[in-house]
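# A structural walkthrough
Residue-level listing of the chains:
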Amino acid sequence: GLNGHGRIQMRRYVTKDEAPETILEALKRPSQRSTDKIMAIVRPIINDVREQGDRALLSYTHKFEKATSLTSPVFKAPFPESLMQLPPETIEAIDISFENIRKFHAAQREEKPLEVETMPGVVCSRFVRPIERVGLYVPGGTAVLPSTALMLGVPAMVAGCKTIVLASPPRADGKLTPEIVYVAHKVGAESIVLAGGAQAVAAMAHGTESVSKVDKILGPGNQFVTAAKMLVSNDTTAEVSIDMPAGPSEVLVIADKTALPAFVASDLLSQAEHGVDSQVVCIAVDLSEQQVRAIEDELHAQATALPRVDMVRGAISHSVMLVTQTLDEALELSNAYAPEHLILQVADSIAVRERIMNAGSVFCGPWTPESVGDYSAGVNHSLPTYGYAKQYSGVNLGSYVKHITSSHLTAEGLKNVGGAVMQLAKVEELEAHRRAVEIRLKWMEDNKGRS
Ligand code: NAD
């Protein structure tokens, strides 16, 4: 049971002894609460905020966050120093992480426009522009998550987004954790919306008297947040987009004989402590019974010493250890699962990384625990979950920009490509299209030698 005191252990499968369907079934993510039910709760909240603005936003914050003393749902920058009082060691940690995340995302800038001459005189180009206004959702609930504020805010700053709005549910006393205010200040946020859930998403999507409307909403959150993001992005009157679908966080560790059991267990547990719905998978490549047992013993010993042991117990109860005979088989399973976080504790992890087709972020070798990427290395921690790593990238600089294409033809260029255009316009029976070329070619003919 969830609150038992028995051994904390993942379900173990030796893949060669099982039918492939059994393994696939074991790797299935736990199904989430019915989206229909969540949508039915979220839809009226969004409508209220769209119709009644600040008044509705505040009343939901009073209800869900119990922050009944709150009288204004927004802090506008500049944020007072008194709201960001922090111990120097926390400031230093945030500053180091900020700088590493900034460096890695700044390197993702495309400095020069792409330019290609597809035919003589026919030049196509593509250039990048920031999304003007972004809304960043930083989950609240019980946890304090300045790292999520950094992961969403720093790339927005680097991309050059003009208006950065940060939303996070306040504590019951109506205040925000000072770490989040400090990060908002560092990334140059225009305002902080003191609200959570569907009401915060609705306020940023539609705008209210005091909340600025944004063009894109990014950030993780619970199922109410995710459902609200899906609803507003499908509502053409909101004119807003979102980063990606989100589900519970997950990790997959591939460990071979070179892996240290204590290290493997510590990575599995860093994920398991996120919540009971976290997914934790370990693939042991060609390990003996004794070696698999060593990982399991470490997992139990380290887990029972954790403050969040109950959370861990829940997560581990639906997590799996797969023992494969070969690395090939492990990689095949991992690519099919498409984990949010993939940890390679194998010999020559950099060579193995070449064979990864689907994953949010890959952590290579014994000295790269997932937690360095979660906080401070510089890579982003807002990543696709639930198998969406098959088609989505994690948050990156590209999430905050759009590309504009352009074409520029010379008269010679139009002569070169015009025939193809006119013929296709004819096929599609779009006569005005055809004539737009013809009229120019004729003009060139009539004005030959004159210009
Ligand atoms: P949250 O900020 O996502 O949600 C809080 C809001 O939920 C409240 O403001 C309220 O509006 C809404 N809510 C709660 N109960 C409701 C109800 N019955 N009806 C309508 N609305 C309701 O905070 P949380 O709930 O603590 O969830 C945090 C989530 O974020 C977790 O799922 C966690 O896994 C995820 N997370 C992900 C990352 C990441 O980077 N992948 C990081 C941190 C957290």
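Structure's up top.
To start, this report covers the structure provided alongside it. Computed from a predicted model, the values in this text were never measured in an experiment. (Residues numbered from 1 in each chain as written. Predicted model: local features only at pLDDT ≥ 70, side-chain atom pairs only at ≥ 80, totals over all residues. Heavy atoms only, no water.)

## Remarks on unusual backbone geometry
In plain terms, the rule: Only DSSP runs of H or I with at least four residues qualify as helices, and only runs of E with at least two residues qualify as strands; both kinds are numbered from the N terminus onward. Think of it in three bands: residues with accessible area under 20% of the maximum for their type are buried, residues over 50% are exposed, and the middle band is partly exposed, with areas taken using a 1.4 Å probe on protein chains only.
Along the chain, alanine 77 connects to proline 78 via a cis peptide bond; the corresponding omega equals 0°. Of note, proline 78 is situated in the loop between strand S2 (74-76) and helix H4 (88-106). The backbone of glutamate 239 shows a phi angle near 45°, a positive value even though the residue is not glycine. Summarising the element assignment, glutamate 239 is placed in the loop between helix H8 (223-233) and strand S9 (241-242). When its relative accessible area of 62% is taken as the criterion, glutamate 239 is described as exposed.

## Some remarks on the packing of H4 against helix H5 (residues 146-159)
Defined as follows: Orientation is described by lines fitted to C-alpha atoms, with helices fitted over the stretch in contact, and by angles between N-to-C directions that extend from 0 to 180 degrees. The scheme is simple: roughly parallel for angles under 35 degrees, roughly antiparallel for over 145, roughly perpendicular for 65 to 115, oblique for anything else. In this scheme the handedness of a crossing depends on how the near helix is turned from the far one: anticlockwise by less than a right angle means left-handed, clockwise means right-handed. Any two residues whose heavy atoms approach within 4.5 Å at even a single point are treated as in contact. Residue classes follow a fixed rule: Ala, Val, Leu, Ile, Met, Phe, Trp, Tyr, Cys and Pro count as nonpolar, while Asp, Glu, Lys and Arg count as charged, and any other residue, Gly among them, counts as polar.
Packing of H4 against H5 brings their axes to within 9 Å, and their N-to-C directions diverge by 50°. Classified by the interaxial angle, the pair formed by H4 and H5 is oblique. As H4 runs across H5, the sense of the crossing is right-handed. Residues Ile94, Ser97, Phe98, Ile101, Arg102, His105 and Ala106 of H4 touch H5, and the partners they reach there are Leu150, Met151, Val154, Pro155, Met157 and Val158. Residue classes in the contact of H4 with H5 are distributed as ten nonpolar, two polar and one charged.

## Comments concerning the environment of lysine 448
Which entries qualify depends on this criterion: Whenever two N or O atoms come within 3.5 Å, that pair is a polar contact, provided that in protein one can donate a hydrogen and the other can accept it, and provided that, for residues adjacent in sequence, both atoms are side-chain atoms.
Summarising the element assignment, lysine 448 is placed in the segment after helix H16 (431-446). A polar contact is formed between the side chain of lysine 448 and the side chain of glutamate 445, at a distance of 3.3 Å.

## Notes on helix H7 (residues 197-206)
Taken across its ten residues, H7 has ten buried, putting it largely inside the fold. For H7, the full list of buried residues reads Gly197, Ala198, Gln199, Ala200, Val201, Ala202, Ala203, Met204, Ala205 and His206. Here the buried face of H7 lies against helix H2 (35-52), helix H3 (54-64), strand S5 (133-137), strand S6 (163-167), strand S8 (216-218) and H8. Immediately downstream of H7, the backbone of glycine 207 shows phi near 80°, a positive value.

## Description of the packing of aromatic side chains
Our working definition: Only Phe, Tyr and Trp rings take part, Trp by its six-membered ring, and two of them pair if their centres are within 6.5 Å. Stacked means planes under 30 degrees apart, edge-to-face means over 60, and tilted covers everything else. Put simply, a charge is over a ring when the Lys NZ or the Arg CZ is close to the ring centre, within 6 Å, and near the line of the ring normal, within 35 degrees.
What the rule picks out here adds up to three aromatic pairs. Geometrically, the ring pair formed by phenylalanine 263 and tryptophan 367 is edge-to-face, given 5.6 Å between the ring centres and 65° between the ring planes. Taken together, the positions of phenylalanine 263 in helix H9 (residues 261-272) and tryptophan 367 in the loop between strand S14 (361-364) and helix H14 (370-375) put the pair 104 residues apart, joining distant regions of the chain. Here phenylalanine 263 falls in the partly exposed class, since its relative accessible area comes to 26%. Since its relative accessible area comes to 69%, tryptophan 367 is described here as exposed. The lysine or arginine in question, arginine 29, covers the ring of tyrosine 337, its NZ or CZ lying 3.7 Å from the ring centre. A cation sits over an aromatic face here: lysine 186 above phenylalanine 98, 4.4 Å from the ring centre.

## Re the site of the ligand
Here is the rule: Whether a residue is near a molecule or strand is decided by its heavy atoms; if any one of them lies within 4 Å of it, the residue is near. For every accessible area listed, the method is Shrake-Rupley and the probe measures 1.4 Å; residues are considered covered only by the protein chains on display.
Contacts to the ligand come from 20 residues, most closely from Glu65, Tyr137, Gly140, Gln199 and Asn222. Within the contact set of the ligand, an oxygen atom lies 2.8 Å away from a side-chain nitrogen or oxygen of asparagine 222. Computed on the free molecule, the ligand has an accessible area of 860 Å², of which 73% lies beneath the protein chains in the complex. Those elements that place two or more of their residues in the shell around the ligand are H7 and H8.

## A look at the side chain of asparagine 380
Here asparagine 380 is to be found in the loop between H14 and strand S15 (401-409). At 2.9 Å, the side chain of asparagine 380 forms a polar contact with the backbone oxygen of methionine 151. Of note is the side chain of asparagine 380, whose polar atom sits 2.9 Å from the backbone nitrogen of serine 382. Once residues within four sequence positions are removed from consideration, asparagine 380 is found in contact with His105, Met151, Pro155 and Val395.

## A short note on the packing of H3 against H7
Two numbers describe how H3 lies on H7: the axes approach to 9 Å, and their chain directions differ by 160°. Classed by the angle they form, the pair H3 and H7 counts as roughly antiparallel. Along this stretch, H3 crosses H7, giving a crossing that reads as left-handed. Facing H3, whose interface residues are Leu57, Tyr60 and Phe64, H7 presents Gln199, Ala200 and Ala203.

## Looking at the sheet that holds S9
The criterion, for reference: Note: two strands are recorded as paired if DSSP finds a minimum of 2 bridges between them.
Strand order across the open sheet formed by six strands is S2-S7-S6-S5-S8-S9, with mixed pairing between neighbours. Pairing within the sheet leaves two strands with one partner each, and these edge strands are S2 and S9. Where S8 and S9 come together, two bridges link them in parallel fashion. Its bridge partner lying in S9, isoleucine 217 is registered against isoleucine 242. Lying on the sheet, H7 is in contact with S5, S6 and S8; it crosses S5 at an angle near 175°.

## Digging into the pairing of strand S13 (residues 341-345)
Among the five residues that make up S13, five are buried, leaving the element largely enclosed by the rest of the structure. The side-chain alternation of S13 yields two buried faces, one formed by His341, Ile343 and Gln345 and the other by Leu342 and Leu344. Judged from the five bridges that link them, strand S10 (residues 250-255) and S13 form a sheet pairing that is parallel. Following the sheet pairing, valine 253 is matched in S13 by isoleucine 343. Across four bridges, the pairing between S13 and S14 is parallel. By the bridge assignment, leucine 342 is partnered in S14 with valine 362.

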